[in-house]
Amino acid sequence: MSNPADVIIIGGGHNGLVCAAYLAKAGRKVLVLEAASGVGGLGATREFAPGFRAAVAHTLPQLGRQLVKDLDLGRHGFSLAADALPTIALAPAGGHITITADGLEGASPADSTAYATYLKLMKKFARAIDPFWHKRPPMLGSGGLRDAATLGQFGWNLRTLGKTDMREMMRMIALPARDLMDEYFESPPLKAALAWDANIGSKLAPRSPNNAVIALLYRMSGDLTGGLPLARGGTGGLTDALAAAAAAHGAQIRTGSAVARIVVEQGRAVGVELAGGELIRAPKIVSNADPKTSFFKLLGARHLDIQFTNRINRLRMNGQVAKLHLALDGLPDFTGLAEPGGRLLLAPDMQFIENAFDAAKYGGYARELPMEVLLPSLHDDSLAPAGQHVLSAQVQYAPYNVQGGWDAHRDSFLDNTMASLERYAPGIRDRVVASELLTPADLEQQFGVTGGHWHHGEFALDNWWMNRPTYGASQYRTPVPGFYLCGAGAHPGGGIMGAAGSNAARAILEEN
Ligand SMILES: Cc1cc2nc3c(=O)[nH]c(=O)nc-3n(C[C@H](O)[C@H](O)[C@H](O)COP(=O)(O)OP(=O)(O)OC[C@H]3O[C@@H](n4cnc5c(N)ncnc54)[C@H](O)[C@@H]3O)c2cc1C
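This report concerns the structure included in the present document.

Criteria and cut-off values
Residues numbered from 1 in each chain as written. Predicted model: local features only at pLDDT ≥ 70, side-chain atom pairs only at ≥ 80, totals over all residues. Heavy atoms only, no water. Salt bridge = Lys/Arg side-chain N within 4 Å of Asp/Glu carboxyl O. Helix = DSSP H or I, 4+ residues; strand = E, 2+ residues; numbered from the N terminus. Buried < 20%, exposed > 50% of the residue type's maximum accessible area, 1.4 Å probe, protein only. Phe/Tyr/Trp six-rings, centres within 6.5 Å; stacked < 30°, edge-to-face > 60°. Lys NZ or Arg CZ within 6 Å of the ring centre and 35° of its normal. Contact = heavy atoms within 4.5 Å.

### Some points on the pattern of salt bridges
The final tally for this structure, using the stated rule, is 24 salt bridges. For the salt bridge of K284 with E511, the shortest nitrogen-to-oxygen distance reads 3.1 Å. Taken together, the residues K284 in strand β14 (residues 284-287) and E511 in helix α15 (residues 499-511) connect sequence positions 227 residues apart. A salt bridge links D415 to R429, with the nearest nitrogen and oxygen atoms 3.6 Å apart. Taken together, the positions of D415 in helix α13 (residues 406-424) and R429 in the loop between α13 and β19 (432-438) put the pair 14 residues apart, joining distant regions of the chain. What makes R429 partly exposed here is its relative accessible area of 36%.

### A word on the packing of aromatic side chains
A full pass over the atoms with the stated rule returns 19 aromatic pairs. Seen from their ring centres, F132 and F154 are 5.1 Å apart, and the 85 degrees between their planes marks the pair as edge-to-face. With F132 in helix α3 (residues 109-133) and F154 in helix α4 (residues 145-159), this residue pair connects regions lying 22 residues apart in the sequence. The same class applies to F132 and to F154, which are both buried. Three or more aromatic residues link up through ring pairs in this structure, and these residues are F132, W133, F154, Y218, F459, W464 and W465. Here the basic side chain of R311 rests over the ring of Y471, its NZ or CZ set 3.6 Å away from the ring centre.

### Observations regarding helix α8 (residues 212-219)
Because an α-helix completes one turn every 3.6 residues, residues spaced three or four positions apart along the sequence face the same direction. In terms of burial, α8 is a largely internal element, 8 of the 8 residues being buried. Those residues of α8 hidden inside the fold are in contact with α3, α5 (163-172), α6 (177-184), α7 (188-199), β16 (343-346) and β17 (371-374).

Laid out in C-alpha coordinates, this is it:
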(Lines give C-alpha, C1' and ligand atoms only; values in the text may rest on other atoms or scores of the structure.)
Protein backbone atom coordinates (compact mmCIF):
# COMPACT_ATOMS: atom_id res chain seq x y z
CA MET A 1 0.00 0.00 0.00
CA SER A 2 1.38 3.42 -0.93
CA ASN A 3 0.99 6.21 1.64
CA PRO A 4 1.07 9.56 -0.17
CA ALA A 5 -1.42 11.56 1.90
CA ASP A 6 -2.59 12.62 5.35
CA VAL A 7 -6.17 12.69 4.08
CA ILE A 8 -7.86 10.92 1.18
CA ILE A 9 -11.09 12.48 -0.06
CA ILE A 10 -13.37 10.17 -2.02
CA GLY A 11 -15.15 12.33 -4.60
CA GLY A 12 -14.33 15.65 -6.22
CA GLY A 13 -17.83 17.17 -6.09
CA HIS A 14 -17.86 20.79 -4.91
CA ASN A 15 -17.97 19.71 -1.24
CA GLY A 16 -15.03 17.32 -1.65
CA LEU A 17 -13.05 20.08 -3.36
CA VAL A 18 -13.93 22.65 -0.67
CA CYS A 19 -12.88 20.18 2.02
CA ALA A 20 -9.64 19.45 0.12
CA ALA A 21 -8.84 23.13 -0.36
CA TYR A 22 -9.32 24.03 3.33
CA LEU A 23 -7.30 21.01 4.50
CA ALA A 24 -4.50 21.66 2.02
CA LYS A 25 -4.48 25.35 2.93
CA ALA A 26 -3.98 24.28 6.55
CA GLY A 27 -0.94 22.25 5.51
CA ARG A 28 -2.39 18.74 5.20
CA LYS A 29 -1.27 16.47 2.38
CA VAL A 30 -4.54 15.78 0.56
CA LEU A 31 -5.39 13.33 -2.20
CA VAL A 32 -8.77 13.63 -3.94
CA LEU A 33 -9.96 10.55 -5.82
CA GLU A 34 -12.79 11.27 -8.26
CA ALA A 35 -14.54 8.49 -10.18
CA ALA A 36 -15.58 10.64 -13.15
CA SER A 37 -13.27 11.92 -15.85
CA GLY A 38 -13.59 15.47 -14.50
CA VAL A 39 -14.25 17.18 -11.15
CA GLY A 40 -17.41 18.93 -10.00
CA GLY A 41 -19.99 16.16 -9.50
CA LEU A 42 -23.51 17.55 -10.00
CA GLY A 43 -21.92 21.00 -10.37
CA ALA A 44 -19.71 20.12 -13.35
CA THR A 45 -20.39 21.84 -16.68
CA ARG A 46 -20.56 19.25 -19.46
CA GLU A 47 -21.09 19.36 -23.20
CA PHE A 48 -24.49 17.72 -23.77
CA ALA A 49 -24.58 18.38 -27.52
CA PRO A 50 -21.80 19.63 -29.83
CA GLY A 51 -21.08 23.24 -28.79
CA PHE A 52 -23.78 23.32 -26.06
CA ARG A 53 -22.80 23.12 -22.37
CA ALA A 54 -24.74 23.00 -19.11
CA ALA A 55 -24.41 21.87 -15.49
CA VAL A 56 -27.01 19.88 -13.57
CA ALA A 57 -27.00 22.50 -10.76
CA HIS A 58 -27.56 25.76 -12.59
CA THR A 59 -27.83 28.60 -10.04
CA LEU A 60 -25.88 29.44 -6.88
CA PRO A 61 -28.36 30.95 -4.39
CA GLN A 62 -26.57 29.39 -1.42
CA LEU A 63 -22.98 30.27 -2.21
CA GLY A 64 -21.42 32.50 0.45
CA ARG A 65 -18.87 35.31 0.32
CA GLN A 66 -16.66 33.79 3.00
CA LEU A 67 -15.88 30.68 0.96
CA VAL A 68 -15.05 32.71 -2.15
CA LYS A 69 -12.79 34.96 -0.06
CA ASP A 70 -11.10 32.24 2.02
CA LEU A 71 -10.14 30.25 -1.06
CA ASP A 72 -9.43 33.31 -3.21
CA LEU A 73 -11.61 31.82 -5.91
CA GLY A 74 -11.47 34.93 -8.11
CA ARG A 75 -7.73 34.37 -8.52
CA HIS A 76 -8.44 30.77 -9.52
CA GLY A 77 -10.83 31.70 -12.34
CA PHE A 78 -14.22 32.07 -10.65
CA SER A 79 -16.45 34.94 -11.80
CA LEU A 80 -20.14 35.56 -12.22
CA ALA A 81 -22.03 35.67 -15.49
CA ALA A 82 -25.04 37.16 -13.68
CA ASP A 83 -25.24 38.30 -10.08
CA ALA A 84 -28.87 38.66 -9.14
CA LEU A 85 -31.26 36.97 -11.55
CA PRO A 86 -34.88 37.72 -10.78
CA THR A 87 -37.44 34.93 -10.50
CA ILE A 88 -40.37 35.36 -12.85
CA ALA A 89 -43.65 33.70 -11.89
CA LEU A 90 -45.03 33.06 -15.36
CA ALA A 91 -48.71 33.16 -16.13
CA PRO A 92 -49.52 31.19 -19.31
CA ALA A 93 -51.21 34.12 -21.05
CA GLY A 94 -48.82 36.82 -19.80
CA GLY A 95 -49.21 39.14 -16.78
CA HIS A 96 -46.14 37.70 -15.13
CA ILE A 97 -44.87 38.70 -11.68
CA THR A 98 -41.17 39.38 -11.24
CA ILE A 99 -39.55 38.69 -7.87
CA THR A 100 -36.31 40.60 -7.36
CA ALA A 101 -34.03 40.68 -4.33
CA ASP A 102 -35.95 43.73 -3.03
CA GLY A 103 -39.56 43.42 -4.11
CA LEU A 104 -42.18 42.50 -6.70
CA GLU A 105 -42.92 43.91 -10.14
CA GLY A 106 -46.26 43.35 -11.83
CA ALA A 107 -48.02 42.27 -8.62
CA SER A 108 -51.17 43.67 -6.99
CA PRO A 109 -50.67 46.41 -4.38
CA ALA A 110 -51.81 43.96 -1.68
CA ASP A 111 -49.23 41.34 -2.75
CA SER A 112 -46.48 43.97 -3.00
CA THR A 113 -47.18 45.16 0.54
CA ALA A 114 -47.45 41.61 1.86
CA TYR A 115 -44.19 40.66 0.15
CA ALA A 116 -42.31 43.46 1.91
CA THR A 117 -43.56 42.17 5.29
CA TYR A 118 -42.88 38.54 4.34
CA LEU A 119 -39.37 39.25 3.06
CA LYS A 120 -38.42 41.30 6.12
CA LEU A 121 -39.55 38.52 8.44
CA MET A 122 -37.91 35.75 6.42
CA LYS A 123 -34.63 37.68 6.25
CA LYS A 124 -34.75 38.16 10.00
CA PHE A 125 -35.30 34.42 10.53
CA ALA A 126 -32.59 33.61 7.97
CA ARG A 127 -30.06 35.78 9.84
CA ALA A 128 -30.92 34.06 13.13
CA ILE A 129 -30.33 30.60 11.74
CA ASP A 130 -27.52 31.35 9.27
CA PRO A 131 -24.51 30.82 11.61
CA PHE A 132 -25.64 27.24 12.26
CA TRP A 133 -25.28 26.17 8.63
CA HIS A 134 -21.56 26.88 9.02
CA LYS A 135 -20.99 25.11 12.32
CA ARG A 136 -20.67 21.54 13.44
CA PRO A 137 -24.13 20.53 14.72
CA PRO A 138 -24.31 19.80 18.44
CA MET A 139 -24.59 16.23 19.70
CA LEU A 140 -27.34 15.84 22.27
CA GLY A 141 -26.11 14.44 25.57
CA SER A 142 -22.42 14.61 24.63
CA GLY A 143 -21.65 16.62 27.76
CA GLY A 144 -19.26 18.68 25.60
CA LEU A 145 -18.96 22.41 26.26
CA ARG A 146 -18.85 23.21 22.55
CA ASP A 147 -22.13 21.36 21.90
CA ALA A 148 -23.77 23.06 24.88
CA ALA A 149 -22.55 26.44 23.61
CA THR A 150 -23.98 25.80 20.11
CA LEU A 151 -27.36 24.81 21.58
CA GLY A 152 -27.23 27.86 23.84
CA GLN A 153 -26.42 30.16 20.94
CA PHE A 154 -29.28 28.65 18.94
CA GLY A 155 -31.70 29.36 21.78
CA TRP A 156 -30.29 32.83 22.22
CA ASN A 157 -30.59 33.66 18.51
CA LEU A 158 -34.25 32.62 18.59
CA ARG A 159 -34.91 34.54 21.79
CA THR A 160 -33.35 37.74 20.47
CA LEU A 161 -35.80 37.72 17.57
CA GLY A 162 -38.19 39.19 20.12
CA LYS A 163 -41.10 37.37 21.72
CA THR A 164 -43.57 37.79 18.86
CA ASP A 165 -41.22 36.83 16.03
CA MET A 166 -39.75 33.92 17.99
CA ARG A 167 -43.24 32.51 18.53
CA GLU A 168 -44.05 33.14 14.90
CA MET A 169 -40.93 31.31 13.75
CA MET A 170 -41.70 28.33 15.99
CA ARG A 171 -45.25 28.27 14.56
CA MET A 172 -44.07 28.55 10.97
CA ILE A 173 -41.22 26.04 11.07
CA ALA A 174 -43.27 22.96 10.25
CA LEU A 175 -46.00 24.76 8.32
CA PRO A 176 -46.83 23.48 4.83
CA ALA A 177 -45.68 26.00 2.22
CA ARG A 178 -49.25 26.27 0.99
CA ASP A 179 -50.52 27.55 4.35
CA LEU A 180 -47.69 30.04 4.58
CA MET A 181 -48.31 31.43 1.09
CA ASP A 182 -52.10 31.53 1.58
CA GLU A 183 -51.57 33.55 4.74
CA TYR A 184 -49.60 36.23 2.90
CA PHE A 185 -50.49 36.40 -0.79
CA GLU A 186 -53.39 36.38 -3.27
CA SER A 187 -51.79 35.78 -6.70
CA PRO A 188 -51.78 32.03 -7.58
CA PRO A 189 -48.57 32.06 -9.72
CA LEU A 190 -46.76 34.17 -7.13
CA LYS A 191 -47.68 31.71 -4.37
CA ALA A 192 -46.53 28.80 -6.55
CA ALA A 193 -43.20 30.47 -7.33
CA LEU A 194 -42.49 31.28 -3.68
CA ALA A 195 -43.52 27.79 -2.55
CA TRP A 196 -41.18 26.25 -5.14
CA ASP A 197 -38.01 26.93 -3.13
CA ALA A 198 -39.56 25.30 -0.06
CA ASN A 199 -40.02 22.00 -1.88
CA ILE A 200 -37.50 21.78 -4.72
CA GLY A 201 -35.33 18.67 -4.53
CA SER A 202 -37.28 16.91 -1.76
CA LYS A 203 -40.23 14.54 -1.75
CA LEU A 204 -42.46 17.39 -0.68
CA ALA A 205 -45.10 19.59 -2.25
CA PRO A 206 -46.94 22.71 -1.03
CA ARG A 207 -49.37 20.75 1.14
CA SER A 208 -46.69 18.64 2.85
CA PRO A 209 -46.25 19.45 6.50
CA ASN A 210 -42.59 19.39 7.37
CA ASN A 211 -40.06 22.07 6.88
CA ALA A 212 -41.22 24.68 4.42
CA VAL A 213 -39.73 27.55 6.35
CA ILE A 214 -36.45 25.80 7.17
CA ALA A 215 -36.01 24.91 3.48
CA LEU A 216 -36.81 28.49 2.44
CA LEU A 217 -34.36 29.90 4.96
CA TYR A 218 -31.77 27.43 3.74
CA ARG A 219 -32.24 28.58 0.15
CA MET A 220 -31.80 32.17 1.38
CA SER A 221 -28.51 31.40 3.11
CA GLY A 222 -26.12 32.58 0.37
CA ASP A 223 -24.79 36.11 0.63
CA LEU A 224 -22.57 36.36 -2.41
CA THR A 225 -24.84 38.82 -4.19
CA GLY A 226 -28.11 38.82 -2.27
CA GLY A 227 -29.78 37.45 -5.41
CA LEU A 228 -29.62 34.42 -7.67
CA PRO A 229 -26.06 34.23 -9.09
CA LEU A 230 -24.83 32.31 -12.14
CA ALA A 231 -21.18 31.26 -12.48
CA ARG A 232 -19.36 32.12 -15.70
CA GLY A 233 -18.83 28.88 -17.59
CA GLY A 234 -21.81 27.37 -15.78
CA THR A 235 -21.52 25.97 -12.26
CA GLY A 236 -18.42 24.12 -13.50
CA GLY A 237 -16.72 27.54 -13.54
CA LEU A 238 -16.99 27.42 -9.75
CA THR A 239 -15.99 23.77 -9.32
CA ASP A 240 -12.96 24.21 -11.63
CA ALA A 241 -11.89 27.21 -9.52
CA LEU A 242 -12.29 25.11 -6.36
CA ALA A 243 -10.09 22.41 -7.88
CA ALA A 244 -7.51 25.02 -8.90
CA ALA A 245 -7.53 26.50 -5.37
CA ALA A 246 -7.09 23.06 -3.79
CA ALA A 247 -4.25 22.24 -6.21
CA ALA A 248 -2.57 25.60 -5.57
CA HIS A 249 -2.44 24.67 -1.88
CA GLY A 250 -0.84 21.35 -2.79
CA ALA A 251 -3.80 18.96 -2.98
CA GLN A 252 -3.41 16.20 -5.54
CA ILE A 253 -6.55 15.47 -7.58
CA ARG A 254 -6.86 12.21 -9.52
CA THR A 255 -9.86 11.87 -11.83
CA GLY A 256 -10.96 8.55 -13.35
CA SER A 257 -10.15 6.99 -9.97
CA ALA A 258 -13.24 5.26 -8.57
CA VAL A 259 -12.84 3.99 -5.03
CA ALA A 260 -14.16 0.45 -4.67
CA ARG A 261 -13.85 0.12 -0.90
CA ILE A 262 -12.47 1.62 2.26
CA VAL A 263 -9.82 -0.49 3.94
CA VAL A 264 -10.52 -1.04 7.66
CA GLU A 265 -7.94 -2.54 10.01
CA GLN A 266 -8.66 -3.21 13.67
CA GLY A 267 -11.83 -1.13 13.49
CA ARG A 268 -10.11 1.90 11.94
CA ALA A 269 -10.24 3.27 8.36
CA VAL A 270 -6.66 3.18 7.08
CA GLY A 271 -6.91 3.45 3.30
CA VAL A 272 -8.85 2.83 0.12
CA GLU A 273 -8.81 0.32 -2.70
CA LEU A 274 -9.47 1.69 -6.19
CA ALA A 275 -11.65 -0.13 -8.70
CA GLY A 276 -8.47 -1.23 -10.50
CA GLY A 277 -7.11 -2.81 -7.31
CA GLU A 278 -4.59 -0.10 -6.29
CA LEU A 279 -4.35 0.31 -2.50
CA ILE A 280 -3.63 3.74 -1.05
CA ARG A 281 -3.10 4.33 2.68
CA ALA A 282 -3.93 7.43 4.72
CA PRO A 283 -4.80 7.99 8.38
CA LYS A 284 -8.00 9.86 7.48
CA ILE A 285 -10.53 8.95 4.80
CA VAL A 286 -13.29 11.44 3.95
CA SER A 287 -16.26 10.62 1.75
CA ASN A 288 -17.98 13.16 -0.51
CA ALA A 289 -20.32 10.39 -1.68
CA ASP A 290 -23.85 10.14 -0.27
CA PRO A 291 -24.40 8.35 3.08
CA LYS A 292 -25.75 5.10 1.62
CA THR A 293 -22.84 4.84 -0.83
CA SER A 294 -20.38 5.84 1.89
CA PHE A 295 -21.54 3.41 4.56
CA PHE A 296 -22.80 0.47 2.53
CA LYS A 297 -20.86 0.37 -0.76
CA LEU A 298 -17.55 1.84 0.37
CA LEU A 299 -17.23 0.99 4.07
CA GLY A 300 -19.44 -2.07 4.45
CA ALA A 301 -22.27 -2.56 6.95
CA ARG A 302 -20.21 -5.21 8.77
CA HIS A 303 -18.17 -2.40 10.34
CA LEU A 304 -21.26 -0.72 11.81
CA ASP A 305 -23.74 -1.61 14.51
CA ILE A 306 -27.20 -2.70 13.46
CA GLN A 307 -29.11 0.32 14.80
CA PHE A 308 -26.86 2.74 12.95
CA THR A 309 -27.09 0.63 9.80
CA ASN A 310 -30.89 0.62 10.03
CA ARG A 311 -31.04 4.39 10.35
CA ILE A 312 -28.84 4.87 7.27
CA ASN A 313 -30.83 2.25 5.40
CA ARG A 314 -34.05 4.18 6.08
CA LEU A 315 -32.77 7.49 4.71
CA ARG A 316 -35.14 8.60 2.00
CA MET A 317 -33.01 9.02 -1.12
CA ASN A 318 -35.35 8.63 -4.06
CA GLY A 319 -34.86 11.72 -6.22
CA GLN A 320 -37.86 13.66 -7.54
CA VAL A 321 -36.26 16.10 -9.96
CA ALA A 322 -35.34 15.51 -13.59
CA LYS A 323 -32.97 17.79 -15.46
CA LEU A 324 -33.67 18.87 -19.01
CA HIS A 325 -31.09 20.48 -21.27
CA LEU A 326 -32.19 21.79 -24.67
CA ALA A 327 -29.91 23.03 -27.43
CA LEU A 328 -31.92 25.73 -29.24
CA ASP A 329 -31.22 27.33 -32.62
CA GLY A 330 -32.46 30.68 -31.30
CA LEU A 331 -34.18 32.38 -28.41
CA PRO A 332 -37.64 30.97 -27.60
CA ASP A 333 -40.56 33.32 -27.32
CA PHE A 334 -42.25 33.22 -23.90
CA THR A 335 -45.71 34.78 -24.12
CA GLY A 336 -45.73 38.29 -22.69
CA LEU A 337 -42.02 38.28 -21.81
CA ALA A 338 -39.64 40.64 -23.64
CA GLU A 339 -36.57 38.55 -22.81
CA PRO A 340 -36.43 35.30 -20.78
CA GLY A 341 -33.47 36.57 -18.75
CA GLY A 342 -34.51 35.43 -15.27
CA ARG A 343 -35.35 32.19 -13.54
CA LEU A 344 -38.76 31.31 -14.97
CA LEU A 345 -41.21 29.43 -12.77
CA LEU A 346 -43.77 27.48 -14.78
CA ALA A 347 -46.58 26.66 -12.35
CA PRO A 348 -49.89 28.52 -12.57
CA ASP A 349 -50.77 27.76 -8.94
CA MET A 350 -49.82 25.59 -5.96
CA GLN A 351 -52.47 22.96 -6.75
CA PHE A 352 -50.76 22.38 -10.08
CA ILE A 353 -47.53 21.51 -8.23
CA GLU A 354 -49.49 19.35 -5.79
CA ASN A 355 -51.16 17.41 -8.63
CA ALA A 356 -47.78 16.62 -10.17
CA PHE A 357 -46.56 15.45 -6.77
CA ASP A 358 -49.65 13.27 -6.25
CA ALA A 359 -48.92 11.39 -9.47
CA ALA A 360 -45.28 10.86 -8.49
CA LYS A 361 -46.18 9.51 -5.03
CA TYR A 362 -47.56 6.41 -6.71
CA GLY A 363 -44.75 5.97 -9.23
CA GLY A 364 -46.33 7.92 -12.08
CA TYR A 365 -45.91 11.42 -13.46
CA ALA A 366 -48.28 14.17 -14.47
CA ARG A 367 -49.23 15.13 -18.01
CA GLU A 368 -48.43 18.74 -17.14
CA LEU A 369 -45.26 19.31 -15.17
CA PRO A 370 -44.13 22.28 -13.10
CA MET A 371 -40.58 23.42 -13.71
CA GLU A 372 -37.91 26.03 -13.19
CA VAL A 373 -36.37 27.23 -16.45
CA LEU A 374 -33.21 29.18 -17.17
CA LEU A 375 -31.50 30.30 -20.38
CA PRO A 376 -27.96 30.64 -19.04
CA SER A 377 -26.50 31.31 -22.51
CA LEU A 378 -28.28 34.69 -22.44
CA HIS A 379 -25.76 35.69 -19.78
CA ASP A 380 -22.77 33.62 -20.88
CA ASP A 381 -21.91 33.11 -24.53
CA SER A 382 -19.39 30.35 -23.71
CA LEU A 383 -22.31 27.93 -23.26
CA ALA A 384 -23.69 27.84 -26.81
CA PRO A 385 -22.60 28.66 -30.38
CA ALA A 386 -23.19 32.29 -31.43
CA GLY A 387 -26.88 33.11 -31.83
CA GLN A 388 -27.97 29.80 -30.30
CA HIS A 389 -29.05 29.02 -26.75
CA VAL A 390 -29.13 26.51 -23.93
CA LEU A 391 -32.31 25.95 -21.96
CA SER A 392 -31.77 24.38 -18.55
CA ALA A 393 -34.84 23.15 -16.63
CA GLN A 394 -35.46 21.45 -13.30
CA VAL A 395 -38.63 19.45 -13.75
CA GLN A 396 -40.70 18.15 -10.84
CA TYR A 397 -41.92 15.47 -10.17
CA ALA A 398 -39.97 12.63 -11.75
CA PRO A 399 -40.02 9.73 -9.30
CA TYR A 400 -36.81 7.69 -9.17
CA ASN A 401 -38.89 4.51 -8.97
CA VAL A 402 -41.23 5.20 -11.87
CA GLN A 403 -43.49 2.21 -12.45
CA GLY A 404 -42.11 0.17 -15.34
CA GLY A 405 -38.70 1.86 -15.22
CA TRP A 406 -37.37 4.99 -16.93
CA ASP A 407 -36.39 3.23 -20.16
CA ALA A 408 -40.09 2.71 -20.81
CA HIS A 409 -41.07 6.25 -19.80
CA ARG A 410 -38.27 8.54 -20.95
CA ASP A 411 -39.91 9.57 -24.24
CA SER A 412 -43.33 10.16 -22.77
CA PHE A 413 -41.91 12.17 -19.82
CA LEU A 414 -39.93 14.29 -22.28
CA ASP A 415 -43.06 14.74 -24.35
CA ASN A 416 -45.04 15.92 -21.31
CA THR A 417 -42.22 18.29 -20.38
CA MET A 418 -42.11 19.78 -23.88
CA ALA A 419 -45.91 20.13 -23.97
CA SER A 420 -45.77 21.95 -20.62
CA LEU A 421 -43.06 24.27 -21.99
CA GLU A 422 -45.06 24.88 -25.18
CA ARG A 423 -47.89 26.28 -23.07
CA TYR A 424 -45.66 29.18 -22.10
CA ALA A 425 -43.35 29.33 -25.11
CA PRO A 426 -45.40 28.33 -28.18
CA GLY A 427 -43.17 27.03 -30.98
CA ILE A 428 -40.25 26.10 -28.73
CA ARG A 429 -40.22 22.51 -30.04
CA ASP A 430 -39.25 23.80 -33.49
CA ARG A 431 -36.17 25.47 -32.03
CA VAL A 432 -34.76 22.29 -30.45
CA VAL A 433 -31.67 20.91 -32.19
CA ALA A 434 -30.69 18.47 -29.42
CA SER A 435 -31.89 17.53 -25.96
CA GLU A 436 -30.73 15.69 -22.87
CA LEU A 437 -33.12 14.46 -20.21
CA LEU A 438 -31.51 13.28 -16.97
CA THR A 439 -33.99 11.35 -14.84
CA PRO A 440 -33.12 10.57 -11.20
CA ALA A 441 -32.05 7.10 -12.43
CA ASP A 442 -29.65 8.74 -14.94
CA LEU A 443 -28.32 11.06 -12.23
CA GLU A 444 -27.65 8.04 -10.04
CA GLN A 445 -25.92 6.19 -12.85
CA GLN A 446 -23.86 9.11 -14.21
CA PHE A 447 -23.03 10.98 -10.99
CA GLY A 448 -22.95 8.14 -8.45
CA VAL A 449 -25.64 9.67 -6.20
CA THR A 450 -28.02 7.10 -4.71
CA GLY A 451 -31.52 7.73 -6.07
CA GLY A 452 -30.23 10.77 -7.97
CA HIS A 453 -31.24 12.83 -4.95
CA TRP A 454 -30.63 16.61 -5.01
CA HIS A 455 -29.61 16.71 -1.31
CA HIS A 456 -28.05 13.23 -1.01
CA GLY A 457 -31.07 12.44 1.24
CA GLU A 458 -34.28 14.32 2.03
CA PHE A 459 -33.97 17.78 3.49
CA ALA A 460 -36.58 17.23 6.20
CA LEU A 461 -36.84 17.78 9.94
CA ASP A 462 -36.03 14.14 10.78
CA ASN A 463 -32.85 14.39 8.69
CA TRP A 464 -31.74 17.86 9.69
CA TRP A 465 -28.99 19.46 11.78
CA MET A 466 -28.01 17.03 14.55
CA ASN A 467 -29.86 14.24 12.73
CA ARG A 468 -28.07 14.65 9.40
CA PRO A 469 -27.51 12.06 8.07
CA THR A 470 -28.27 10.51 11.48
CA TYR A 471 -27.08 10.86 15.04
CA GLY A 472 -23.76 9.09 15.43
CA ALA A 473 -22.46 10.66 12.21
CA SER A 474 -23.77 14.21 12.36
CA GLN A 475 -20.48 15.83 13.36
CA TYR A 476 -18.69 14.65 10.18
CA ARG A 477 -17.02 11.86 12.20
CA THR A 478 -18.57 8.43 11.81
CA PRO A 479 -18.71 5.40 14.13
CA VAL A 480 -15.53 4.11 12.42
CA PRO A 481 -12.48 6.09 13.58
CA GLY A 482 -10.57 7.68 10.72
CA PHE A 483 -13.67 7.81 8.46
CA TYR A 484 -15.52 11.10 7.86
CA LEU A 485 -18.30 12.54 5.69
CA CYS A 486 -18.07 15.84 3.80
CA GLY A 487 -20.88 15.66 1.20
CA ALA A 488 -24.40 17.01 0.90
CA GLY A 489 -25.73 14.09 2.98
CA ALA A 490 -23.99 15.68 5.97
CA HIS A 491 -25.11 18.93 7.63
CA PRO A 492 -26.27 21.35 6.30
CA GLY A 493 -27.37 19.48 3.15
CA GLY A 494 -27.43 19.87 -0.60
CA GLY A 495 -27.20 22.79 -2.93
CA ILE A 496 -23.97 24.39 -4.12
CA MET A 497 -22.94 25.90 -0.83
CA GLY A 498 -19.73 24.14 0.24
CA ALA A 499 -20.67 24.27 3.92
CA ALA A 500 -20.60 20.49 4.41
CA GLY A 501 -17.10 20.47 2.92
CA SER A 502 -15.76 23.38 4.98
CA ASN A 503 -17.42 22.20 8.21
CA ALA A 504 -15.93 18.72 7.70
CA ALA A 505 -12.46 20.20 7.09
CA ARG A 506 -12.75 22.20 10.32
CA ALA A 507 -13.88 19.11 12.26
CA ILE A 508 -10.85 17.18 10.96
CA LEU A 509 -8.41 20.01 11.67
CA GLU A 510 -9.74 20.38 15.22
CA GLU A 511 -8.71 16.80 15.97
CA ASN A 512 -5.00 17.50 15.60
C1 LIG B 1 -31.49 17.87 -10.95
C2 LIG B 1 -30.72 18.66 -9.91
C3 LIG B 1 -30.65 20.04 -10.04
C4 LIG B 1 -29.97 20.80 -9.07
N5 LIG B 1 -29.90 22.16 -9.21
C6 LIG B 1 -29.26 22.90 -8.28
C7 LIG B 1 -29.12 24.31 -8.44
O8 LIG B 1 -29.55 24.90 -9.45
N9 LIG B 1 -28.48 25.01 -7.46
C10 LIG B 1 -27.94 24.38 -6.37
O11 LIG B 1 -27.35 25.08 -5.51
N12 LIG B 1 -28.04 23.04 -6.20
C13 LIG B 1 -28.67 22.29 -7.13
N14 LIG B 1 -28.75 20.92 -6.99
C15 LIG B 1 -28.16 20.30 -5.79
C16 LIG B 1 -26.64 20.18 -5.91
O17 LIG B 1 -26.27 19.86 -7.23
C18 LIG B 1 -26.08 19.09 -4.98
O19 LIG B 1 -26.69 19.15 -3.72
C20 LIG B 1 -24.58 19.26 -4.82
O21 LIG B 1 -23.97 19.22 -6.10
C22 LIG B 1 -23.98 18.22 -3.92
O23 LIG B 1 -22.58 18.43 -3.91
P24 LIG B 1 -21.57 17.36 -3.33
O25 LIG B 1 -20.21 17.83 -3.60
O26 LIG B 1 -21.91 17.09 -1.91
O27 LIG B 1 -21.89 16.02 -4.12
P28 LIG B 1 -21.83 15.65 -5.67
O29 LIG B 1 -21.93 16.85 -6.51
O30 LIG B 1 -22.83 14.58 -5.85
O31 LIG B 1 -20.36 15.05 -5.84
C32 LIG B 1 -20.00 13.78 -5.30
C33 LIG B 1 -18.81 13.31 -6.08
O34 LIG B 1 -18.35 12.05 -5.53
C35 LIG B 1 -17.96 11.24 -6.61
N36 LIG B 1 -17.98 9.84 -6.18
C37 LIG B 1 -19.05 9.13 -5.73
N38 LIG B 1 -18.68 7.86 -5.44
C39 LIG B 1 -17.34 7.79 -5.69
C40 LIG B 1 -16.38 6.75 -5.59
N41 LIG B 1 -16.72 5.51 -5.18
N42 LIG B 1 -15.09 7.02 -5.92
C43 LIG B 1 -14.73 8.25 -6.33
N44 LIG B 1 -15.61 9.26 -6.48
C45 LIG B 1 -16.90 9.04 -6.15
C46 LIG B 1 -18.98 11.54 -7.69
O47 LIG B 1 -18.50 11.15 -8.97
C48 LIG B 1 -19.11 13.05 -7.55
O49 LIG B 1 -18.19 13.75 -8.33
C50 LIG B 1 -29.37 20.15 -7.96
C51 LIG B 1 -29.40 18.75 -7.86
C52 LIG B 1 -30.08 18.01 -8.83
C53 LIG B 1 -30.11 16.51 -8.69
